[in-house]
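The lines below spell out each chain.
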Amino acid sequence: MTETTESLRRTPLHALHVELGGKMVPFAGYDMPVQYPTGILKEHLHTRARAGLFDTSHMGQAFLSGSDPARALERVTPADLVGLKEGMQRYGLLLNDAGGIKDDFMTTRLKGEPALYLVVNASMKEFDFAYIAERLKGLATLAPQPERALLALQGPAAAAVLARHAPGIEALTFMKVVRAEVDGVPAIVGRTGYTGEDGFEISVASKDAERVARALLKEPEVLPIGLGARDSLRLEAGLCLYGHDIDETTDPVEANLVWAIGKRRKLDKDFPAAGKIVDEILNGTARKRVGIRPDGRMPARDGSEIADKSGRVIGRITSGGFGPSLNAPVAMGYVETAFATDGTEIDLLVRGKALAARVAPMPFVPHGYKRANLGVRI
């Protein structure tokens, strides 16, 4: 069924997007801004240079409670959640029984609180919540939080900006999360994001979202940023987009996400399809997700076939576009493992033509995360 404007949901910031001149498009069942009058290119570069504010309220937020919610949640993910320290967040993969990736998500253990705080992707939230609730029945209780909004302030100026509204927040380092007040509004604030830049994600009650957004947008360093730049930023950062780079047909080893599997979990083999996945870690898999740099100026879009130099198809592009920070096209995709080494020459089949390209390391743009005792790009 085709989505209509009337059938699309709206975030608490919808009226603000319209007021700011946002070009609204359907996305994950929501009416969302793809760009503002500034344009995608400038929005992208502004985020890399200063700070951009993103509306991510379409994402799914929930609390998971029970006698041991972390151990319960480990039934559906290979992440080490039992070992997650208070005040920290961890990336996880939600797996099906065959080891395919149903979604990726974030888990936080807030200081002094028994429940875990979860954030899942917008397009999958109803499915994820139903799956988690069913698989953890009798062990933990999932409470979705549809009345919460989520904002992301991203870029090298993000800490200085947010500190004006939440003094002391700049002391957080990458993947740390606290309850704090932003302009007097109770919030859950984590030093994380989806752009590869330093930044924060700010969860507040829906009724407070516009107040916080307007306060941040008044700062001279901050511009509103739409979905277009959000996608190009995460692609340059080498970050996966669910439904493109990962889905239920891919597993963590193929997707080059083995780092998301806890060491203890590999040893205990107590997560879905653990035998298969650990075997792939030890013995390899038929294909791998890789970064790709086309030699010319033409981008290779999602779905474009990848061929070896003899013309044999060896894979396909899952995300591709123009990288404004590099002033050049970038892509990622899956290739047969024999062709996954950085520097391997390949061809991209675009509009019937073979375009020269090479396998390249990711991220394409160095990450700017502020890690503990390390405030430099890595």
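A brief structural summary. (Residues numbered from 1 in each chain as written. Predicted model: local features only at pLDDT ≥ 70, side-chain atom pairs only at ≥ 80, totals over all residues. Heavy atoms only, no water.)

**Details of the environment of Ala140**
- Mapped onto the elements, Ala140 comes out in the loop between helix H4 (125-135) and strand S8 (141-144).
- Classification of Ala140 by relative accessible area gives buried; the value is 11%.
- With 55 residues separating them in the primary sequence, Ala140 and Thr195 have C-alpha atoms 32 Å apart.
- Once you skip the residues sitting within four places of it in the chain, Ala140 turns out to touch Leu64, Ser65, Gly66, Pro69 and Ala72. (Helix = DSSP H or I, 4+ residues; strand = E, 2+ residues; numbered from the N terminus. Buried < 20%, exposed > 50% of the residue type's maximum accessible area, 1.4 Å probe, protein only. Contact = heavy atoms within 4.5 Å.)

**Examining the pattern of salt bridges**
- A complete count under the given rule lists 26 salt bridges for this structure.
- Across the pair Arg179 and Glu113 runs a salt bridge, and its minimum N-O distance is 2.5 Å. On the criterion of sequence distance, the pair formed by Arg179 in strand S10 (residues 177-182) and Glu113 in the loop between strand S6 (101-109) and strand S7 (116-120) is long-range, its members being 66 residues apart.
- The class of Arg179 is partly exposed, set by a relative accessible area of 47%.
- Under the relative-accessibility criterion, Glu113 is labelled partly exposed at 23%.
- Across the salt bridge formed by Arg234 and Asp231, the nearest N and O atoms sit 2.9 Å from each other. (Salt bridge = Lys/Arg side-chain N within 4 Å of Asp/Glu carboxyl O.)

**Describing the packing of aromatic side chains**
- Within this structure, the stated rule accounts for three aromatic pairs.
- Considering the side-chain rings of Phe174 and Tyr369, the 4.1 Å spacing of their centres and the 10° angle between planes classify their relative orientation as stacked. Here Tyr369 lies in the segment after strand S19 (353-360) and Phe174 lies in the loop between helix H5 (158-163) and S10, a separation of 195 residues in the sequence. Neither Phe174 nor Tyr369 differs from the other in exposure class; each is buried. (Phe/Tyr/Trp six-rings, centres within 6.5 Å; stacked < 30°, edge-to-face > 60°.)

**Quick look at the sheet that holds strand S3 (residues 51-55)**
- Taken together, six strands build an open sheet; the order of strands is S10-S11-S12-S9-S3-S13 and the sheet is mixed. Strand pairing shows two members of the sheet lacking a second neighbour, S10 and strand S13 (222-224), which therefore form its edges. Each neighbouring strand pair of the sheet contributes to a mean axis angle of 30°, computed without reference to strand direction.
- Of the strand pairs in this sheet, strand S11 (residues 185-190) and strand S12 (residues 199-205) are connected by four bridges, and their pairing is antiparallel. Bridged to Val189 within S12 is Ile202.
- Lying on the sheet, helix H6 (residues 206-217) is in contact with S3, strand S9 (148-154), S10, S11, S12 and S13; it crosses S12 at an angle near 145°. (Pairing = 2+ DSSP bridges. Axes fitted to C-alpha atoms, helices over the stretch in contact; angles between N-to-C directions.)

**Describing unusual backbone geometry**
- That bond from Met362 to Pro363 is cis: its omega, 5°, falls within 30 degrees of zero.
- Within the secondary structure, Pro363 sits in the segment after S19.
- The phi dihedral of Met175 is positive, around 75°, even though this residue is not glycine.
- Here Met175 shows up in the loop between H5 and S10.

**Here we look at helix H7 (residues 227-236)**
- Counting buried positions along H7 yields nine of ten residues, so the element is predominantly enclosed.
- Of the residues making up H7, those classed as buried are Leu227, Gly228, Ala229, Arg230, Ser232, Leu233, Arg234, Leu235 and Glu236.
- Count one or two residues on from H7 and you reach Gly238, which has phi positive near 70°.

This is a description of form; function is not addressed.
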